[in-house]
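Listed here are the chains, written in short residue letters.
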Amino acid sequence: MKDDNSPANDGEPPPSQRLRVWKQFHSAGRGFWRDVSDADWNNWRWQLQHRITTAEQLQKFLPTLTPEEFAGAKLANHKLALAITPYFFNLIDPADEHCPIRLQVIPKVAEMHTASWEMSDPCGEDSHSPVPGLVHRYPDRVLFLVTDRCAAYCRYCTRSRLVSNASGYDFHPEFDRQIGYIAQHPEIRDVLLSGGDPLLLSDEKLESLLGRLRAIPHVEFLRIGSRIPTFLPQRITPELCAMLKKFHPLFLSIHSNHPRELTTEVRDALGRLADAGIPLGNQSVLLKHVNDDAMVMRAHVQKLLICRVKPYYLYQCDLISGSAHLRASVSRGLEIMEQLRGHTTGYAVPQYVIDAPGGGGKVPVNPEYVLCRNAGRVLIRNYEGKIFEYPEAPDGTPTGKPPKEIEEPELV
Ligand code: SF4
């Protein structure tokens, strides 16, 4: 195996150097918007109002736009709208057609191709929806879809049928019916607000919704899933954090895929949320040419911890229609997990999951560390490939010889 300090074959810097570079924090800067006042630039509503939403705007701000991207942007609004905040747009490297930020938000014409195994609702959410906008798939928790809008649109979005309303999906948030269902089901102890992005609601609306949920005695725990901290860190105002703080225990899962998304602005926004006592987790999607590289992933998870965020899930890209060009293989995902576990802090290692196609829920997938197991022993492998024996007994009391490392090269 290549040493972390040895140069790559193609003349690239050694992995350890790339790791250091990716972990540095930079501001997104102002780019084309250098003449905009600080007050406007730091105002989340200004950012939303000035999003890039058309192929022509993209071409103006990104002269290196390829014909495939231009055609994709032209067609985008038939499937999933194009929208990029000026802040996030500034993270795109105009000189790099394969820039990992660009691949996530600039449409390509390949989105219009649907493979035979792809679906519009790959996680089967609609079939587990007792009332519109509520998904009750697991026994003790529900997913509450509070809006169909996002600050920007990810080209691999599992809910592209729903968000941006580009596909004419019939989405009617009916808070009364949704809250009524939760109130009538005492087994629901955990409510995850998602969408779309719940943090696009005004502070007042969000406060009212959280207050109504918190008033239900059996709801123990509230969660928000949001990409706002990375698409629009300006939204994480002190006022928002002060309001959220009233509803503990409240957890927040952010969505970030590449270390370049973790800018100084994002780090500061996440710091404000963490200071408000909100435990933070991150959900990433494994994406081809974005983060399907062990060293990129290692830099990302380590940088998340610096931002006080626990890497929570790494998702295998769902079988959403038009995503084949962005989907990395499960084998690649397992190789990356193998390069994380043991090679970096356990807190930095997310759980790799596949959301079972059609509605089976999240299934953890892991590299194989248990090599064989019977009534008398368990053979395990560590991150270095060394094999050990753990003695086993039916009542849990080990008998026989003490644990040892096994010298059986053919098993390694
Ligand atoms: S932020 Fe989430 S819901 Fe919105 S487009 Fe991205 S993946 Fe989809």
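Overview of the structure. (Residues numbered from 1 in each chain as written. Predicted model: local features only at pLDDT ≥ 70, side-chain atom pairs only at ≥ 80, totals over all residues. Heavy atoms only, no water.)

### Observations regarding the packing of helix 8 (residues 175–184) against helix 9 (residues 203–214)
Formally: For helices, the fitted axis covers only the stretch in contact; all axes are lines through C-alpha atoms, and the angles between them, taken along N-to-C directions, range from 0 to 180 degrees. Under the DSSP-based scheme used, a helix requires at least four consecutive residues in state H or I and a strand at least two consecutive residues in state E, with every element numbered from the N terminus. Angles are sorted into four bins: roughly parallel if under 35 degrees, roughly antiparallel if over 145, roughly perpendicular if 65 to 115, and oblique for all others. By definition, turning the near helix anticlockwise from the far helix through less than a right angle yields a left-handed crossing, and turning it clockwise yields a right-handed one. By definition, residues are in contact when any of their heavy atoms lie within 4.5 Å.
Between helix 8 and helix 9, whose axes approach to 10 Å, the crossing angle comes to 25°. On the basis of the axis angle, helix 8 is roughly parallel to helix 9. As helix 8 packs across helix 9, the resulting crossing turns out to be right-handed. In this structure, helix 8 uses Phe 175, Asp 176, Ile 179 and Ile 182 to contact helix 9, whose residues at the interface are Lys 205, Leu 209, Arg 212 and Leu 213.

### Quick look at the pairing of strand 1 (residues 134–138)
Condition: Each residue's exposure class comes from its accessible area (1.4 Å probe, protein chains only) as a fraction of the maximum for that residue type: buried when under 20%, exposed when over 50%, partly exposed otherwise. Between any two strands, at least two bridges found by DSSP are needed for them to pair.
For strand 1, the buried fraction is high: four of the five residues fall into the buried class. One ladder, built from three bridges, connects strand 1 with strand 2 (residues 141–145); its direction is antiparallel. Across the sheet, the residue bridging to Val 135 is Leu 143, located in strand 2. Between the end of strand 1 and the start of strand 2, which pair antiparallel, lie two residues.

### Quick notes on the side chain of Arg 18
Structurally, Arg 18 can be placed in helix 1 (residues 15–22). For Arg 18, a relative accessible area of 17% puts it in the buried group. The residues contacting Arg 18, other than those within four sequence positions of it, are Glu 12, Pro 13 and Asp 293.

### Notes on the site of the ligand
As a reminder, the rule being used: Definition of nearness: a residue and a molecule or strand are near each other if at least one heavy atom of the residue lies within 4 Å of the molecule or strand. Residues are grouped as follows: Ala, Val, Leu, Ile, Met, Phe, Trp, Tyr, Cys and Pro are nonpolar; Asp, Glu, Lys and Arg are charged; all remaining types, including Gly, are polar.
In the region of the ligand, the neighbouring residues are Cys 150, Tyr 153, Cys 154, Cys 157, Val 163, Gly 196, Arg 227 and His 255. Broken down by class, the residue content of the shell around the ligand amounts to five nonpolar, two polar and one charged.

### A short note on the layout of surface pockets
As a reminder of what qualifies: Grid spacing is 1 Å over the protein atoms alone, the probe is 1.4 Å, and a cavity is where that probe fits but cannot get out, while a pocket is an open set with protein on both sides within 12 Å along at least five of seven lines and lining residues have an atom within 4 Å of a point. Grid points are joined across faces, edges and corners, and a volume is the space filled by probe spheres set on the points.
There is about 500 Å³ of room inside the second largest pocket. Lining the second largest pocket are 25 residues, with Trp 22, Pro 100, His 258, Pro 259 and Arg 260 sitting closest to its centre. The element contributing the most residues to the lining of the second largest pocket is helix 1, with three residues.

### Considerations on the environment of Arg 189
Note the threshold: In protein, a polar contact requires one atom able to donate a hydrogen and another able to accept it; more generally it is a pair of N or O atoms within 3.5 Å, and residues adjacent in sequence count only if both atoms are side-chain atoms.
Positionally, Arg 189 belongs in the loop between helix 8 and strand 3 (190–194). As a C-alpha pair, Arg 189 and Val 142 span 47 residues in sequence and 8.6 Å in three-dimensional space. Of note is the side chain of Arg 189, whose polar atom sits 2.6 Å from the side chain of Asp 140.

### Considerations on the sheet that holds strand 1
One open sheet holds the nine strands; their spatial order is 1-2-3-4-5-6-7-8-9, and the pairing between them is mixed. At either margin of the open sheet sits one strand with a lone partner, and together these are strand 1 and strand 9 (361–364). Averaged over all adjacent pairs, the angle separating strand axes in this sheet is 25°, with direction ignored. Bridge analysis of strand 6 (residues 280–286) against strand 7 (residues 310–316) gives six bridges, and the strand direction is parallel.

### Structural notes on the pairing of strand 2
Counted residue by residue, strand 2 has four buried out of five residues, so it is predominantly covered. Both strand 2 and strand 3 contribute to a ladder of five bridges, which runs parallel. Paired with Leu 145 across the bridge in strand 3 is Ser 194.

### Details of the nonpolar core
Test applied: Think of a nonpolar core as a cluster: buried Ala, Val, Leu, Ile, Met, Phe, Trp, Tyr and Cys residues, connected wherever their side-chain atoms sit within 4.5 Å.
The biggest cluster of nonpolar side chains holds 87 residues, and the ones touching the most others in it are Phe 144, Ile 182, Val 191, Leu 193, Leu 213 and Leu 244. Dropping the residues within four chain positions of it, Phe 144 is found in contact with Gly 133, Leu 134, Phe 175, Gln 178, Ile 179, Ile 182, Val 191, Leu 192, Leu 193, Ser 194, Leu 209 and Leu 213.

### Details of the packing of aromatic side chains
The condition is simple: Each pair of aromatic rings taken from Phe, Tyr and Trp, with Trp reduced to its six-membered ring, is defined by centres within 6.5 Å and is described as stacked if the planes are under 30 degrees apart, edge-to-face if over 60, and tilted in the remaining cases.
Using the criterion set out here, one finds twelve aromatic pairs in the structure. Considering the side-chain rings of Trp 33 and Trp 41, the 6.2 Å spacing of their centres and the 40° angle between planes classify their relative orientation as tilted. You can call Trp 33 buried: its relative accessible area is 7%. Residue class for Trp 41 comes out buried when judged on its relative accessible area of 4%. Aromatic side chains Tyr 313 and Tyr 315 sit 5.4 Å apart centroid to centroid with 55° between the ring planes, which places their arrangement in the tilted category. With a relative accessible area of 17%, Tyr 313 lands in the buried category.

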